[in-house]
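These are the residues of each chain, in order.
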Amino acid sequence: MRHKYYEPAMVSGRSTGGKIPLGLKRKGLRIVVTGGAGFVGSHLVDRLISRGDSVIVVDNFFTGRKENVMHHFKNPRFEMIRHDVVEPLLLEVDQIYHLACPASPVHYKHNPVKTIKTNVVGTLNMLGLAKRVGARFLLTSTSEVYGDPLQHPQVETYWGNVNPIGNSFLHAPFAPFFLYFFFFFFLVC
Ligand SMILES: O=C(O)[C@H]1O[C@H](OP(=O)(O)OP(=O)(O)OC[C@H]2O[C@@H](n3ccc(=O)[nH]c3=O)[C@H](O)[C@@H]2O)[C@H](O)[C@@H](O)[C@@H]1O
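Attention in this report is confined to the structure presented alongside it. What you see is a predicted model; the values in this text were computed from it and never measured.

1. Some points on the pairing of strand 4 (residues 54-59)
Right, on to step 1. Within strand 4, five of the six residues are buried, which leaves the element mostly enclosed by the surrounding structure.
Right, on to step 2. Examined bridge by bridge, strand 3 (residues 30-34) and strand 4 share five bridges and lie parallel to one another. Within the sheet, the bridge partner assigned to V32 lies in strand 4 and is I56.
Right, on to step 3. The handedness of the strand 3 to strand 4 crossover, carried by helix 1 (residues 39-50), is right-handed.
Right, on to step 4. Examined bridge by bridge, strand 4 and strand 5 (residues 78-82) share five bridges and lie parallel to one another. When the sheet's bridge partners are listed, I56 is paired in strand 5 with E79.

Dropping the structure here:
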């Protein structure tokens, strides 16, 4: 009986957690990072590039800055698109990290209707892309979903101190449920 030998996938000296057959290098993924020119997004891009993935940043530069990612400009595994996620976008990718959103109160209150569109329509567009190309999807949210937390810092097991019937209903994390609702509605009706 032949045995397959596996080793942890190592890229840049770091284990990626998955297992690949001995002797084979981990294949780089094609990843889109919306909001990748922002604070959190640009650090995520650094990490993805350093582990060998190809990254497409999609950002409308509402608060993000090219300077945050310009050190990757000459890297053939890096691309950047000025695009508002409220408009649909078709890209062939393996994974989607969806971070595009005005983050601080002064920005998300600047145009509340546009903020809701970004969170709901933008997230639906990115979920639609994920469904079309079979990509894995990660949605980032905000500590605001904890409401006025009773515990600091908030650990993963803490469910927050929030009234779920309030404005939070319109937060982007609920968009997947809207999507399921619409699919169900159109399939059944
Ligand atoms: O903690 C949080 O609440 C926020 O944390 C991060 O936000 P952060 O990186 O701190 O904020 P920015 O540096 O402003 O990054 C947001 C990025 O999204 C982009 N963006 C914003 C709005 C928009 O409509 N489209 C869009 O691409 C901005 O230009 C920017 O590059 C996440 O990116 C947000 O999704 C999250 O809401």
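2. Thoughts on the sheet that holds strand 3
Right, on to step 1. The sheet built from five strands is open, its strands ordered 5-4-3-6-7 with parallel pairing. What marks the edges here is a single partner per strand, and that holds for strand 5 and strand 7 (136-139). Looking at each pair of strands side by side, their axes are set apart by 15° on average, direction ignored.
Right, on to step 2. Contacting strand 3, strand 6 (95-98) and strand 7, helix 3 (residues 112-133) crosses the sheet at an angle of about 170° to strand 6.

3. What to know about the environment of P76
Right, on to step 1. Relative to the helices and strands, P76 resides in the loop between strand 4 and strand 5.
Right, on to step 2. The exposed category is assigned to P76, whose relative accessible area is 77%.
Right, on to step 3. Considered as a pair, P76 and S54 are 22 residues apart in the sequence and their alpha carbons are 8.2 Å apart.

4. Considering the site of the ligand
Right, on to step 1. Inspection of the region around the ligand gives 21 residues, with F39, V40, D59, T63 and G64 positioned closest.
Right, on to step 2. A distance of 2.9 Å separates an oxygen atom of the ligand from a polar atom in the backbone of L99.
Right, on to step 3. Note that an oxygen atom of the ligand is positioned 3.5 Å from one of the side-chain N or O atoms of T118.
Right, on to step 4. Protein burial of the ligand: of its 720 Å² of free accessible surface, 85% is covered by the chains.
Right, on to step 5. Going through the elements one at a time, helix 1 and helix 3 are the ones with two or more residues in the shell around the ligand.

5. Considerations on the packing of aromatic side chains
Right, on to step 1. For the structure on display, the rule yields two aromatic pairs.
Right, on to step 2. Between Y146 and Y158, the ring centres sit 6.1 Å apart and the planes meet at 25°, which makes this aromatic pair stacked. Placement of the pair is Y146 in the loop between strand 7 and helix 4 (175-188) and Y158 in the loop between strand 7 and helix 4, with a sequence separation of twelve residues.
Right, on to step 3. The lysine or arginine in question, K66, covers the ring of F61, its NZ or CZ lying 5.9 Å from the ring centre.

6. Things to note about the side chain of T34
Right, on to step 1. Note that T34 resides in strand 3.
Right, on to step 2. Take T34: its relative accessible area is 0%, and that puts it in the buried class.
Right, on to step 3. Reaching out from T34, the side chain makes a polar contact with the backbone nitrogen of L99 at a distance of 2.8 Å.
Right, on to step 4. Beyond its immediate sequence surroundings of up to four residues, T34 is in contact with V58, V85, Y97, H98, L99, A100 and M126.

What counts and how
Residues numbered from 1 in each chain as written. Predicted model: local features only at pLDDT ≥ 70, side-chain atom pairs only at ≥ 80, totals over all residues. Heavy atoms only, no water. Buried < 20%, exposed > 50% of the residue type's maximum accessible area, 1.4 Å probe, protein only. Helix = DSSP H or I, 4+ residues; strand = E, 2+ residues; numbered from the N terminus. Pairing = 2+ DSSP bridges. Right-handed = clockwise from strand over helix to strand, strands pointing away. Axes fitted to C-alpha atoms, helices over the stretch in contact; angles between N-to-C directions. Contact = heavy atoms within 4.5 Å. Near = heavy atom within 4 Å. Polar contact = N/O pair within 3.5 Å; in protein donor to acceptor, adjacent residues only side chain to side chain. Areas by Shrake-Rupley, 256 points an atom, 1.4 Å probe, with all protein chains shown as cover. Phe/Tyr/Trp six-rings, centres within 6.5 Å; stacked < 30°, edge-to-face > 60°. Lys NZ or Arg CZ within 6 Å of the ring centre and 35° of its normal.

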